[in-house]
Amino acid sequence: MAILYVLDVLEFSPLVDFSERAYELSVTNHGAYRKIEATDKLTISRVDTGMDPAIWFGALVGGFEGNIEEFSEHTLTII
Amino acid sequence: MSEIPQPELHGVHHTAFPTWKPKETVEFYRDILGLKVLHAITAKGWGRDEHPDFLHFFFDAGNGAAIAFFYYIGIEPMNDQAGPRGYLGMARHTSWRVETDAELVQWRERLVAKGVAISEEVQHEVIKSLYFRDPNGYPLEISLPTRSLGKVDAMDAALTLDAMIKTFVDGDSPETKTIEDMWRLKGEMVRELL
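This one's a predicted model, so the numbers in the text were calculated from it and none came from an experiment.

Novice: Could you clarify how one ought to interpret the overall build of chain A in this entry?
Specialist: The secondary structure content of chain A amounts to 3 helices and 7 strands. Rg of the C-alpha trace for chain A: 11 Å, near the compact-globule value of 12 Å for 79 residues, within the 12% margin. Overall size of chain A, expressed as C-alpha extent along the three principal axes, is 25 × 25 × 20 Å. By residue count, 39% of the 79 residues in chain A fall in the buried class. Put simply, of all contacts in chain A between residues at least 6 apart along the chain, 64% involve residues at least 24 apart.

In structure tokens form, the structure reads like this:
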């Protein structure tokens with residue numbers, strides 16, 4: 001189980017928008033946070049979110065569960 | 001014992017830096033940036049043993065704030081901004097606030113017209129910024145807030161700082177920990193909140 005917690009603020013909303021469109025990811029609302037979940041791999045493409053690198057590299061500030069397989073300029077993958 | 005009341009701060013009065021380039025510093029802040037000279041102090045024998053005589057001068061950074069410099073007379077330069085890509089040359093910086101996109105554009109145009117090397121505009125979490133350096137090498141930034149900060153930001157920041165201290169200071173083998181360890185702990189802390 002891979003989980004990414006995202007604070008419900010403007011600059012991280014592209015992570016949530018991307019995840020809501022991705023069939024392998026589920027997004028649930030929990031007060032100030034959104035919980036993005038994948039049963040297998042949680043993969044988000046920076047280009048597809050439209051996020052600038054300076055914000056993208058802070059995308060994990062809400063915390064995660066699992067293991068980070070990749071966190072590059074292009075891709076975040078939690079397994 | 002009575003509770004000690006929490007005193008307030010009301011913004012920046014001034015920040016101050018040493019300069020060994022008094023002419024270039026005045027020309028940069030007064031003429032290139034166009035900041036008003038607010039005040040100048042001159043003193044003999046008031047500084048500590050190795051730097052007794054100095055000038056201390058202030059430029060208007062808006063909204064009651066000033067940026068100030070000390071020029072210590074007859075002192076060998078010690079440029080602690082040397083190695084400008086090092087973290088000391090980047091982390092200790094001054095960021096001034098503008099209030100509109102138009103103001104940020106005006107600053108970019110002015111700096112370019114005056115021959116100051118500036119960065120591309122960088123979009124951060126809650127500000128977008130231009131970066132440049134003064135003649136001393138000090139990093140400067142002009143920032144436009146892109147949203148206001150609220151209670152959720154403060155709540156999340158408190159958790160992050162707690163996770164930082166638990167990971168890198170108070171936890172087991174903190175010297176072996178990485179930012180991934182901190183993010184994982186933050187995830188546990190957030191999960192407990194949900």
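Novice: How should I be thinking about the overall build of chain B in this particular structure?
Specialist: A tally of regular secondary structure across chain B gives 5 helices and 8 strands. The C-alpha atoms of chain B give a radius of gyration of 21 Å, which is well past the 16 Å a tight globule of 194 residues would have. When the backbone C-alpha atoms are referred to their principal axes, chain B occupies close to 55 × 45 × 40 Å. Each of the 194 residues in chain B was classed as buried or not, and the buried ones make up 16%. A sequence separation of at least 24 residues applies to 46% of the contacts in chain B between residues at least 6 apart.

Novice: Explanation requested: the domain arrangement of chain B in the structure shown.
Specialist: By a frequent convention, interface size equals the accessible area lost on bringing the separate parts together. You can read the domains of chain B as domain 1 (11-74), domain 2 (89-148) and domain 3 (151-193). A straight line from the C-alpha centre of domain 1 of chain B to that of domain 3 of chain B covers 40 Å.

Novice: How should the nonpolar core be read in this particular structure?
Specialist: Soluble globular proteins: nonpolar side chains tend toward being buried together. Core analysis: the biggest nonpolar cluster contains 28 residues, and Leu4, Val6 and Leu42 of chain A have the highest contact counts within it. The set of elements that each furnish at least two residues to this core consists of strand S1 (2-7), strand S3 (33-38), strand S4 (42-45), helix H3 (53-56) and strand S7 (75-78) of chain A together with helix H4 (151-170) and helix H5 (179-193) of chain B. The element best represented in this core is S1 of chain A, accounting for 5 residues. Residues within four places of valine 6 of chain A in sequence aside, it is in contact with Phe12, Leu15, Val16, Tyr33, Arg34, Ile36 and Gly62 of chain A. Membership of the second largest hydrophobic core comes to 12 residues, among which are Phe28, Phe57, Ala61 and Ala66 of chain B.

Novice: Teacher, can you tell me more about H5 of chain B here?
Specialist: If you check H5 of chain B, its first and last C-alpha atoms are 21 Å apart, about what 15 residues at 1.5 Å a residue would give, namely 21 Å. Among all positions in H5 of chain B, only Met182, Trp183, Arg184, Lys186, Gly187 and Val190 of chain B are buried. The secondary structure elements touched by the buried residues of H5 of chain B are S1, S3 and strand S5 (64-65) of chain A together with H4 of chain B.

Novice: Explain the interface of chain B and chain A here, please?
Specialist: Opposite the 19 residues of chain B that make contact, chain A presents 22 residues. Taken together, the elements giving at least two residues each to the side of chain B that touches chain A come down to strand S6 (122-123), H4 and H5 of chain B. Partitioned by chemical class, the residues of the side of chain B that touches chain A number 8 nonpolar, 4 polar and 7 charged.

Novice: Is there a simple way to think about the pairing of S4 of chain A in this case?
Specialist: Working note: regular strand, side chains alternate between the two faces of the sheet. Residue and element names in this part refer to chain A. Every second residue of S4 is oriented toward a common face, the buried set being Leu42 and Ile44 and the non-buried set Thr43 and Ser45. Examined bridge by bridge, S4 and S7 share 4 bridges and lie antiparallel to one another. From the neighbouring strand, leucine 42 faces S7, where its bridge partner is isoleucine 78.

Novice: Got a minute to help me understand the sheet that holds strand S2 (residues 37-43) of chain B in this structure?
Specialist: Sheet strands pair by backbone hydrogen bonding; their relative direction is either parallel or antiparallel. Residue and element names in this part refer to chain B. Spatial ordering of the open sheet is given by S1-S4-S3-S2, a layout of 4 strands whose pairing is mixed. The strands lining the two open edges of the sheet, one partner per strand, are strand S1 (14-18) and S2. Averaged over all pairs of adjacent strands, the angle between strand axes in this sheet comes to 20°, irrespective of strand direction. Relative to strand S4 (residues 65-72), S1 is paired through 5 bridges, and the arrangement is parallel. Bridge pairing in S4 links alanine 16 to alanine 68. Set on the sheet, helix H1 (residues 22-32) makes contact with S2, strand S3 (54-62) and S4; between it and S4 the angle comes to about 165°.

Novice: Where do I start with the packing of H4 of chain B against H5 of chain B in this structure?
Specialist: Helix packing for two helices is described by the angle between their axes and how far apart those axes are. Residue and element names in this part refer to chain B. Interhelical geometry of H4 versus H5 gives an angle of 130° and a closest axis separation of 9 Å. Considering their axes alone, H4 and H5 lie oblique with respect to each other. Here the hand of the crossing between H4 and H5 comes out right-handed. Between H4, through Leu159, Thr160, Asp162, Ala163, Met164, Lys166 and Thr167, and H5, the contact on the second element is made entirely by Asp181, Met182, Leu185, Lys186, Met189 and Val190. Residues belonging to the contact of H4 with H5 are distributed by class as follows: 7 nonpolar, 2 polar and 4 charged.

Novice: How do you make sense of the pairing of S4 of chain B when you look at a structure like this?
Specialist: Residue and element names in this part refer to chain B. Here S3 pairs with S4 via 8 bridges, running antiparallel. Opposite phenylalanine 57, over in S4, you have phenylalanine 69 as the bridge partner. From the end of S3 to the start of S4, which pair antiparallel, there are 2 residues, and asparagine 63 there has a positive phi angle of about 55°.

About the criteria used
- Residues numbered from 1 in each chain as written.
- Chains lettered and ligands numbered in written order.
- Predicted model: local features only at pLDDT ≥ 70, side-chain atom pairs only at ≥ 80, totals over all residues.
- Helix = DSSP H or I, 4+ residues; strand = E, 2+ residues; numbered from the N terminus.
- Rg over C-alpha atoms; globule rule 2.2 N^0.38 Å.
- Buried ≥ 20, exposed ≤ 12 C-beta atoms within 10 Å, placed from the backbone.
- Contact = placed C-beta atoms within 7 Å.
- Domains from an automatic or database assignment.
- Core = buried A, V, L, I, M, F, W, Y, C linked by C-beta atoms within 7 Å.
- Expected span 1.5 Å × (residues − 1).
- Nonpolar A, V, L, I, M, F, W, Y, C, P; charged D, E, K, R; others polar.
- Pairing = 2+ DSSP bridges.
- Axes fitted to C-alpha atoms, helices over the stretch in contact; angles between N-to-C directions.
- Parallel < 35°, antiparallel > 145°, perpendicular 65-115°, else oblique.
- Left-handed = near helix turned anticlockwise from the far one by under 90°.

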